[in-house]
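The primary structure of each chain is shown beneath.
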Amino acid sequence: MAKNKARLGKIGEFMTAVQLMHLGFDVANLNDSIPNMKSVDLLVYDDNLKRHTLVQVKASTENTFPVGFDLSVAEDMNKLKDAVTCAFVFVKVDLKGTEPKYTFYILSRKQMIELTYKGHDWYLHKLQRDKEVKRTGIVCIPEEWLQGSDIKPKRLKGENFKNPLNGISAKDAWNNIWL
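Residues numbered from 1 in each chain as written. Predicted model: local features only at pLDDT ≥ 70, side-chain atom pairs only at ≥ 80, totals over all residues. Heavy atoms only, no water.

(A) Main features of the overall build of the protein. Broken down by element type, the protein carries 5 helices and 7 strands. What you see for the protein is a C-alpha radius of gyration of 17 Å, in line with the 16 Å of a compact globule of 179 residues. Dimensions of the protein along its principal axes, counting C-alpha atoms only, are 50 × 40 × 30 Å. Taking the intrachain contacts of the protein between residues at least 6 apart in sequence as the baseline, contacts between residues at least 24 apart amount to 60%. For the protein, the exposed surface amounts to about 10,500 Å²; the carbon and sulfur share of it is 50%. Computed over 27 positive and 22 negative side-chain charges, the inter-centroid distance for the protein is 4 Å. (Helix = DSSP H or I, 4+ residues; strand = E, 2+ residues; numbered from the N terminus. Rg over C-alpha atoms; globule rule 2.2 N^0.38 Å. Contact = heavy atoms within 4.5 Å. Areas by Shrake-Rupley, 256 points an atom, 1.4 Å probe, with all protein chains shown as cover. Lys, Arg positive; Asp, Glu negative; His and termini not counted. Charge placed at Lys NZ, Arg CZ, Asp CG, Glu CD.)

(B) Expanded view of the pattern of salt bridges. Across all of its chains, the model carries 11 salt bridges by this definition. Notably, a salt bridge pairs aspartate 32 with lysine 10, separated by 3.5 Å at the nearest N-O pair. Placement of the pair is aspartate 32 in the loop between β1 (26–29) and β2 (42–46) and lysine 10 in helix α1 (residues 5–22), with a sequence separation of 22 residues. Arginine 51 serves as the salt-bridge partner of aspartate 46, at 3.3 Å between the closest nitrogen and oxygen. According to the relative accessible area criterion, aspartate 46 is buried, its value standing at 5%. (Salt bridge = Lys/Arg side-chain N within 4 Å of Asp/Glu carboxyl O. Buried < 20%, exposed > 50% of the residue type's maximum accessible area, 1.4 Å probe, protein only.)

(C) Structural detail: the environment of asparagine 176. Along the chain, asparagine 176 falls in the segment after α5 (143–146). Judged by relative accessible area, asparagine 176 falls into the buried class, the value being 11%. Along the primary structure asparagine 176 and isoleucine 106 are separated by 70 residues, whereas in three dimensions their C-alpha atoms are 6.2 Å apart. Within the local environment of asparagine 176, its side chain forms a polar contact with the backbone oxygen of isoleucine 106, the two atoms lying 2.8 Å apart. (Polar contact = N/O pair within 3.5 Å; in protein donor to acceptor, adjacent residues only side chain to side chain.)

(D) The state of the cysteines, seen in detail. All chains considered together, the criterion is met by 0 disulfides. Between cysteine 140, a free cysteine, and cysteine 86, which holds the nearest cysteine sulfur, the sulfur-to-sulfur gap is 18 Å. (Disulfide = S-S within 2.5 Å.)

Pasting the structure below:
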């Protein structure tokens, strides 16, 4: 079904829009007007409270979500604040079985910046390695981080990752788009 990355991205945007419409919001996909618009995918409008917000969507069939910028951005708070312009919705697409299943994790802009910065500080500086990590690699957010879990290193020695979400999962946390 969604072997093509662009198609998977469109599916993630579409399914996020469907979920938001089920919650009573109006949604416009900005990529329909400006193909592959940088940093923003959806415009969400709450007619009841007369407010709007922007959302970036990332979809994956794996346990990690590439976010579109490199590690040099993740370790520089000023660059990270420029790169993360709005809330993020991560869509895990499970293709096992006859019907795909979708799991949604939602982070506010502030949560996304904090999780990315602290997570990648841990990844880059708190794990013992033989070689330094190249800063040109793409930042990925593991699903475990979005579930609020603290992480014990698996293959490398080093300290545990203390998740800034403090054990609170971002799963179906739709209110985070308004924070």
